[in-house]
Amino acid sequence: MSKILEEVLAANQRYADNFGDKGELGLPPARSFAILTCMDARLDPAQYAGLAEGDAHVIRNAGGRASDDAIRSLVISYKLLGTREWFVIHHTDCGMELFDNETMGELLASSLETASVDENGWHDSKAGGGSVEGKYINWLTFKDNAQSVIEDVQRIRNSPLVPDNIPIYGYIYDCRTGRLVEVPKASVAAA
Ligand SMILES: [Zn+2]
């Protein structure tokens, strides 16, 4: 068994042993809100936003972007499960600022091995066996963190499936301090 698999299963055993009354939790989030945020390993929404099991929906993807699939989840979140306030939370030092569609397409076309990065940019192992399929995907990268929050809040706000009365808050999580910093223009965009 892989070391990670072993560790995860052992941790789960300890968790389940102390599960308490969490088996009684209802399906709809008890605090009726949702967070869209990045998958970055340094971000723990339960910690930075004070969530317990059953409290809120957390939708995560690379960048915390308002992709079609993120919007699909948000719409289910309010329409079927009653959330009434949403957060879009990107963060400092996001990996999505470090590449663009063209770079990713080229790296994947070259090989499927993990690429490396240094001050000269991304490098592929040139092991071969890549696929051009990556050139057909919009990887939703960005260069300006605040701007990406504004765009995502706007995209969600402008969806014909999102009702006007759901507030959408735009924030950037600071990886150095753990603080959430508001993107004021995103809040305006959401109004
Ligand atoms: Zn990120």
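Our structure's up above, just so we're on the same page.
Residues numbered from 1 in each chain as written. Predicted model: local features only at pLDDT ≥ 70, side-chain atom pairs only at ≥ 80, totals over all residues. Heavy atoms only, no water.

In this section: the overall build of the protein. Along its length, the protein carries six helices and seven strands. Each helix and strand of the protein, ordered N terminal to C terminal, gives the series α-β-α-β-α-β-α-β-β-α-β-β-α. Dimensions of the protein along its principal axes, counting C-alpha atoms only, are 50 × 45 × 35 Å. When each of the 191 residues of the protein is scored for burial, the buried share is 34%. Taking all contacts inside the protein whose residues are at least 6 apart in sequence as the whole, residues at least 24 apart take part in 63%. Accessible surface, the protein: about 11,600 Å² in total, of which carbon and sulfur atoms supply 53%. Separation of charge centres in the protein, based on 18 positive and 28 negative side chains, amounts to 4 Å. (Helix = DSSP H or I, 4+ residues; strand = E, 2+ residues; numbered from the N terminus. Buried < 20%, exposed > 50% of the residue type's maximum accessible area, 1.4 Å probe, protein only. Contact = heavy atoms within 4.5 Å. Areas by Shrake-Rupley, 256 points an atom, 1.4 Å probe, with all protein chains shown as cover. Lys, Arg positive; Asp, Glu negative; His and termini not counted. Charge placed at Lys NZ, Arg CZ, Asp CG, Glu CD.)

Before going further, it helps to examine the coordination of the zinc ion. The protein atoms that coordinate the zinc ion are Cys 38 (SG), His 91 (NE2) and Cys 94 (SG), at distances spanning 2.0 to 2.3 Å. Mapped onto the sequence, the residues coordinating the zinc ion show the spacing C-x52-H-x2-C. Side by side, His 91 and Cys 94 carry an identical accessibility label, which is buried. (Donors = N, O, S within 2.8 Å, 3.2 Å for Na, K, Ca; no water.)

A word on the sheet that holds strand 6 (residues 168–173). As summarised here, the arrangement of the five strands in space is 2-1-3-6-7, forming an open sheet in which the pairing is mixed. Strands at the two margins of the open sheet, each flanked by one partner only, are strand 2 (56–61) and strand 7 (180–182). Across the sheet, the mean angle separating the axes of adjacent strands is 30 degrees when strand polarity is ignored. Pairing analysis gives three bridges linking strand 6 to strand 7, with the strands arranged antiparallel. Among the inter-strand pairings, Tyr 171 is bridged to a residue of strand 7, identified as Glu 182. The strands that helix 3 (residues 68–79) touches are strand 1 (33–38), strand 2 and strand 3 (85–91); relative to strand 2, the one it contacts most, it runs at about 175 degrees. Packing against the sheet, helix 5 (residues 145–158) makes contact with strand 1, strand 3 and strand 6, and its axis sits at approximately 155 degrees to strand 3. (Pairing = 2+ DSSP bridges. Axes fitted to C-alpha atoms, helices over the stretch in contact; angles between N-to-C directions.)

Within the fold, Glu 151 resides in helix 5. According to the relative accessible area criterion, Glu 151 is partly exposed, its value standing at 40%. Between the alpha carbons of Glu 151 and Pro 28 there is a distance of 28 Å; along the sequence they are 123 residues apart.

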